[in-house]
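Spelled out from the first residue to the last, the chains are:
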Amino acid sequence: ESMQAFWDIEEVQAKAIQLLASFVRGKSALPYLLRFTELISFAMKTHVDSIKLQVDGCSLLLEILSQALEQDVVMALGENVASSLLETVRKHSQNEELLLLACTLLMMISASEVAAENLRKVGVIPDLLSVLTNFIHNEKICLSGCGVLWSLAVNENNVDQALLRSAVPATSAVLQEHLQNGTVAESACSALWALSLQGCLTEDDYEPTTALLLDALRTNPERPVLVKNACLALVSLLRLSEISALRFITDSKGSGINLIKDAYHLHLDDPEVVESICLLINEMVQYDEVVLDMLSQKMEELLSEIKSRISSS
């Protein structure tokens with residue numbers, strides 16, 4: 001009631017957020033979490049110039065969403081929350097600490113299809129890409145940013161085709177920058193797969209993206225989710241372009257066929273990884289030159305092994 005009565009007084013809002021934080025940490029606030037998010041978001045939007053209120057508000061929203069996740073409570077966050085976070089990102093576009101909190105929140109929120117749609121409505125993509133570009137050195141921001149892009153791109157009813165196309169260079173840059181960080185590389189590969197699935201890559205993207213995905217497989221062969229999504233992204237690329245297929249077998253760092261063999265043997269007990277490899281092989285055989293390379297590298301032995309395991313399972 002105090003928050004609603006004194007919206008325009010920053011000190012009242014700041015104190016109320018502190019009191020709410022102690023209440024939420026007490027684990028007794030579950031019935032009120034959704035109402036809290038609305039109040040906090042409105043306070044943040046009203047006092048968007050206050051960095052302290054933004055940091056405290058984002059931190060409390062993270063606590064609330066984490067609790068809801070732990071309790072399996074679905075938080076149907078509305079457009080007001082998305083709009084408030086976007087205002088924060090725009091107003092404080094150079095504050096790295098605050099942007100990290102905001103991007104983490106955006107990633108958590110975007111896991112809900114309804115909330116992801118609200119983020120699209122308020123126009124989050126250009127601002128998100130700007131943050132990724134300006135803070136590409138920050139692993140946590142890149143991890144969260146790619147997570148948001150994946151959520152926005154994976155929806156089949158997506159209408160932001162042109163905006164999503166503009167996400168390809170930023171996502172590729174993140175993957176290139178953080179190839180050695182398996183967690184970030186995995187998130188970037190997932191985003192690239194979703195973008196490729198939506199047809200967001202242009203002809204100029206095919207060859208460098210193929211090479212980049214091969215690098216990701218080469219650098220992080222032990223990560224099943226990365227392997228699966230990198231393979232699925234390669235499926236999309238090979239389906240579209242012989243250029244990608246030729247790069248796949250002639251990459252200067254080594255043929256993709258050997259990477260696929262190694263990936264299979266590392267993850268042969270993971271059905272999702274095996275399925276993605278099979279889908280990739282299915283795309284590979286449409287190109288004569290790739291088939292010749294497969295034969296020269298005795299790929300039929302791998303196919304027989306996969307068939308045998310499937311038959312016996």
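Definitions and cut-offs
Residues numbered from 1 in each chain as written. Predicted model: local features only at pLDDT ≥ 70, side-chain atom pairs only at ≥ 80, totals over all residues. Heavy atoms only, no water. Helix = DSSP H or I, 4+ residues; strand = E, 2+ residues; numbered from the N terminus. Buried < 20%, exposed > 50% of the residue type's maximum accessible area, 1.4 Å probe, protein only. Contact = heavy atoms within 4.5 Å. Areas by Shrake-Rupley, 256 points an atom, 1.4 Å probe, with all protein chains shown as cover. Lys, Arg positive; Asp, Glu negative; His and termini not counted. Charge placed at Lys NZ, Arg CZ, Asp CG, Glu CD. UniProt positions renumbered as here; feature names shortened; annotations may be inferred. 1 Å grid on protein atoms, 1.4 Å probe; cavity = no way out; pocket = protein on both sides within 12 Å on 5 of 7 lines; lining within 4 Å. Points joined across faces, edges and corners; volume = space filled by probe spheres on them. Nonpolar A, V, L, I, M, F, W, Y, C, P; charged D, E, K, R; others polar. Salt bridge = Lys/Arg side-chain N within 4 Å of Asp/Glu carboxyl O.

Peer 1: Please explain the overall build of the protein chain as it appears in this structure.
Peer 2: Along the protein chain, the regular secondary structure elements total 19 helices and 0 strands. Each principal axis of the C-alpha distribution contributes one length, and for the protein chain these read about 75 × 40 × 35 Å. Per-residue burial for the protein chain yields a buried fraction of 52% across its 313 residues. Long-range contacts, defined here as pairs at least 24 residues apart, represent 74% of the contacts in the protein chain between residues at least 6 apart. For the protein chain, the accessible surface area stands at approximately 14500 Å², while carbon and sulfur atoms represent 53% of it. A distance of 3 Å separates the average location of the 22 positive side-chain charges in the protein chain from that of its 42 negative side-chain charges.

Peer 1: Would you mind showing me how to read the UniProt feature "domain: LRRK2 ARM repeat" (unreviewed entry) in the protein chain here?
Peer 2: UniProt tags residues 170–308 as "domain: LRRK2 ARM repeat" (unreviewed entry). Between the first and last C-alpha atoms of residues 170–308 the distance is 42 Å; the span itself is 80% helix and 0% strand.

Peer 1: I would appreciate a short explanation of empty space enclosed by the protein in the present structure.
Peer 2: Over the atoms rolls a probe the size of a water molecule, and in doing so it shows where empty space is left. For the structure shown, the criterion picks out 2 cavities of 30 Å³ or more. Within this model, the largest cavity holds a volume of roughly 50 Å³. Residues belonging to the lining of the largest cavity are distributed by class as follows: 5 nonpolar, no polar and 1 charged. Here the second largest cavity defines a volume of roughly 30 Å³. Leu77, Gly78, Val81, Ala82, Ile109, Ala115 and Asn118 together form the lining of the second largest cavity. Here the lining of the second largest cavity is built from residues that sort into 5 nonpolar, 2 polar and no charged.

Peer 1: What is the right way to look at the layout of surface pockets in this model?
Peer 2: When its volume is computed, the largest pocket comes out at roughly 340 Å³. Lining the largest pocket are 18 residues, and of these Leu69, Met108, Ile109, Ala111 and Ser112 sit closest to its centre. If you list the elements that add at least two residues to the lining of the largest pocket, you get helix 4 (51–70), helix 6 (96–110) and helix 9 (139–154). Examining the composition of the lining of the largest pocket, we find that 4 residues originate from one element, helix 6, more than from any other.

Peer 1: Just checking my understanding: could you explain the pattern of salt bridges for this structure?
Peer 2: Should the charged atoms of two oppositely charged side chains come close, the side chains can pair. Within the structure shown, the criterion is met by 14 salt bridges. Taking the shortest distance from any N to any O, the salt bridge between Arg35 and Glu38 comes out at 3.3 Å. Taken as a pair, Arg35 and Glu38 lie in helix 3 (residues 33–46) at a separation of 3 residues, close to a single helical turn. In this structure, Asp215 and Lys253 form a salt bridge, with 3.1 Å as the shortest nitrogen-oxygen distance. Of this pair, Asp215 sits in helix 13 (residues 203–219) while Lys253 sits in the loop between helix 15 (242–250) and helix 16 (256–266), and the two are 38 residues apart along the sequence. Of the residues examined, Asp215 reaches a relative accessible area of 10% and is grouped as buried. What makes Lys253 exposed here is its relative accessible area of 54%.

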